[in-house]
Amino acid sequence: AAVIADHNALRWMAADRTLQTMLVRHYLPLWRNLWLPGLNVRLTAEAPSFAWIAPTGGAYRIYASPALASHPWFSRPLFVASFYEASAQRLQLPLEEPADHPELLLWRGAVPKDGVINLWKGQRLEVTSRSAEPLGLFLVPGHDTMLFRQPPPRVTLDGEAPRVTHIPVLR
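Cut-offs used in this document
Residues numbered from 1 in each chain as written. Predicted model: local features only at pLDDT ≥ 70, side-chain atom pairs only at ≥ 80, totals over all residues. Heavy atoms only, no water. pLDDT = per-residue confidence, 0-100. Helix = DSSP H or I, 4+ residues; strand = E, 2+ residues; numbered from the N terminus. Buried < 20%, exposed > 50% of the residue type's maximum accessible area, 1.4 Å probe, protein only. Polar contact = N/O pair within 3.5 Å; in protein donor to acceptor, adjacent residues only side chain to side chain. Core = buried A, V, L, I, M, F, W, Y, C linked by side-chain atoms within 4.5 Å. Contact = heavy atoms within 4.5 Å. Salt bridge = Lys/Arg side-chain N within 4 Å of Asp/Glu carboxyl O. Pairing = 2+ DSSP bridges.

J.: What is the right way to look at the confidence of the model for the protein in this model?
T.: Detail in the predicted coordinates should be disregarded across regions flagged by low pLDDT. Scored by pLDDT, the protein comes out at a mean of 88, with 92% of its residues at no less than 70. When mean pLDDT is taken per element in the protein, strand 4 (residues 39-43) scores highest with 97 and strand 9 (residues 109-110) scores lowest with 75.

This is the structure in structure tokens:
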């Protein structure tokens, strides 16, 4: 249950908008090129609801805020997944402790007080926002504390990246 978002995969997603939308809303980049299951959406007054099918089971931590709604992931996800310059560090997203969100309604009621919901693989989950302002929403399984991490320079999972080899000096 992972997506390797290398050059060819990103081109494939760019060519098929339905595939791109499905992958972007059901996976989140733990690392720039490595997307793991994680539900996400930007909710607005015009589009206050969204539904997913959980790609994997487990405890999902809920993060929601107006500040998250402005993250570039929601406007240009393929750019976020391919941006590797020095300033890419600004895209990293540290995760705080999950909390309840009274402005959100899940398909079965309010968000639990601890901000964690248990889902099984294939379960349908619908969320509705009662917030007047845009709200970014991430549901993240596992215990990772940082999303959109950037690997060290010249480290990539991309098969299109130029190879770096070591040629010893034999003198």
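J.: Where do I start with helix 2 (residues 17-26) in this structure?
T.: Given 3.6 residues per turn, any residue in an α-helix points the same way as the ones three and four places further on. For helix 2, the full list of buried residues reads L19, Q20, L23, V24, R25 and H26. Where helix 2 begins, one side-chain oxygen reaches toward the backbone nitrogen of T18, 3.2 Å away; that side chain belongs to D16.

J.: Got a minute to help me understand the environment of N33 in this structure?
T.: When you line up the elements, N33 lands in the loop between strand 2 (27-31) and strand 3 (34-37). Residue N33 is classed as buried on the basis of its relative accessible area of 6%. Distance from N33 to L137, taken between C-alpha atoms, is 21 Å for residues 104 residues apart in sequence.

J.: What is the right way to read the nonpolar core from this model?
T.: What tends to happen in soluble globular proteins is that the nonpolar side chains get buried as a cluster. Core analysis: the biggest nonpolar cluster contains 27 residues, and M13, W35, W73, F138, L147 and F148 have the highest contact counts within it. Elements that contribute at least two residues to this core include exactly helix 1 (7-15), helix 2, strand 2, helix 3 (77-82) and strand 12 (135-141). Residue contacts for F138: discarding those within four places in its chain leaves L28, L39, N40, R61, I62, Y63, L68, W73, F74, L93, L147 and F148. L39, A54, V111 and L135 belong to the second-largest nonpolar core, a separate cluster that totals 18 residues.

J.: Please clarify how the pattern of salt bridges should be interpreted in this entry.
T.: Inspection of the entire model under this criterion finds three salt bridges. For R149, the salt bridge identified is with D144, shortest N-O distance 3.5 Å. Taking the relative accessible area as the measure of exposure, D144 reaches 25% and is therefore partly exposed.

J.: For this particular structure, what's the right way to read the sheet that holds strand 2?
T.: Through backbone hydrogen bonds, the strands of a sheet pair up, either in parallel or in antiparallel fashion. One open sheet holds the three strands; their spatial order is 1-3-2, and the pairing between them is antiparallel. In the strand order of this sheet, the two ends are held by strand 1 (3-4) and strand 2, each with one partner. For strand 2 and strand 3, the ladder comprises four bridges, and the chain directions are antiparallel. What sits directly across from P29, in strand 3, is W35.

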